[in-house]
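# Analysis of the macromolecular model
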Amino acid sequence: MTVTRVDKDVDHLTLTIVADFTAPVERVWRLWADPRQLERWWGPPDYPATVEEHDLTPGGGVRYYMTGPEGEKYGGWWRISSVIPPTALEFTDGFSGQDGAPNPEMPTVSVRMTLTGHDGGTRMELRSLFDTREQMEQLAEMGMVEGMSQAVGQMDALVAG
């Protein structure tokens, strides 16, 4: 598994996942930049993603849904705030309803992803910042920590293949 560290910091309202890959930075970046590759790992193994919109430019966005084992669909979206190919991406991540529109009743999370050279490969740091402790706890109870760790854990096979 590629995940080397998961830090949940309730005092600073952050969840940080660190993963190391033997592939170069540019290869790991493609897992984010190519919607067909993003589909292959974004979401836990039993909840594959389908990316319907993918625009990694400031002000752009990603719209997707994950399909559960029983065929249920869970929508999500990103609003891109900053992108520095091939090393950094910042976005707001949120939930959407069946119509694909953002669900204002669910929390959003600010995410910063960075890629750096490390030990001849790449280190990815995925840092999620929550607005409140309640939001952090709500998403943790929904399985965010495990789900993100499992999702990132799928990336290694993709960069190797």
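Located above this text is the structure these notes cover.
To start, this report covers the structure provided alongside it. Fair warning: this is a prediction, and the values are worked out from it, not measured in the lab.

Bringing the pattern of salt bridges into the picture now. Taken as a whole and judged by the stated rule, the model has 7 salt bridges. Two residues, D7 and R5, come together in a salt bridge whose shortest N-O distance is 2.7 Å. For R5, a relative accessible area of 37% translates into the label partly exposed. The partner of R63 in a salt bridge is E53, and the shortest N-O contact between them spans 3.7 Å. Remark: E53 occurs in strand β3 (residues 49-54) and R63 occurs in strand β4 (residues 61-67); sequence separation between them is 10 residues. With relative accessibility at 29%, the residue R63 sits in the partly exposed group. By relative accessible area, which is 37% here, E53 ends up partly exposed.

Below, the discussion takes up the environment of L13. Relative to the helices and strands, L13 resides in the loop between β1 (3-9) and β2 (14-21). The residues contacting L13, other than those within four sequence positions of it, are S128, L129, F130, D131, T132, R133 and M136.

Next up on the list: unusual backbone geometry. Cis geometry is found at the peptide bond from P85 to P86, where omega equals 0°. Mapped onto the elements of the fold, P86 is located in the loop between β5 (73-84) and β6 (88-96). The phi dihedral of L13 falls on the positive side, at around 55°, and the residue is not glycine. Given a relative accessible area of 16%, L13 falls into the buried group. The backbone of D119 shows a phi angle near 50°, a positive value even though the residue is not glycine. Note on placement: D119 falls in the loop between β7 (109-118) and β8 (121-129).

Counting 43 residues, the largest nonpolar core has W32, W41, W42, W78 and L89 as the members making the most contacts within it. Not counting residues up to four positions away in its chain, the partners in contact with W42 are W32, Y47, A49, Y64, M66, W78, F91, D93 and M148.

What the largest pocket holds in volume is close to 820 Å³. The wall of the largest pocket is formed by 30 residues, among which M66, Y74, G75, F95 and M142 lie closest to the centre. Where the lining of the largest pocket is concerned, the elements lending two or more residues are β4, β5, β6 and α4 (144-153). A per-class count over the lining of the largest pocket returns 15 nonpolar, 11 polar and 4 charged.

What counts as what
Within any chain, residue numbers begin from 1 and follow the written order of that chain's sequence. Since the coordinates come from a predicted model, pLDDT governs what is reported: local features require at least 70, and pairs of side-chain atoms require 80 or more to be given and counted, while whole-chain, interface and lining totals use all residues. The basis for the side-chain values is all heavy atoms of the structure; hydrogens and waters are excluded. Only one rule defines a salt bridge in this text: a Lys or Arg side-chain nitrogen within 4 Å of an Asp or Glu carboxyl oxygen. Working definition: with a 1.4 Å probe on protein chains only, accessible area under 20% of the residue-type maximum means buried, over 50% means exposed, and in between means partly exposed. The helix count covers DSSP runs of H or I at least four residues long, the strand count covers runs of E at least two residues long, and both are numbered beginning at the N terminus. Two residues form a contact once any of their heavy atoms are found within 4.5 Å. Remark: nonpolar core denotes a set of buried residues (Ala, Val, Leu, Ile, Met, Phe, Trp, Tyr, Cys) joined through side-chain atoms within 4.5 Å. We place a 1 Å grid over just the protein atoms. Points where a 1.4 Å probe fits but has no way out form a cavity, open points with protein on both sides within 12 Å along at least 5 of 7 lines form a pocket, and any residue with an atom within 4 Å of a point lines it. Grid points are joined across faces, edges and corners, and a volume is the space filled by probe spheres set on the points. Residue polarity is assigned by list, with Asp, Glu, Lys and Arg as charged and Ala, Val, Leu, Ile, Met, Phe, Trp, Tyr, Cys and Pro as nonpolar; anything else, Gly included, falls into the polar class.

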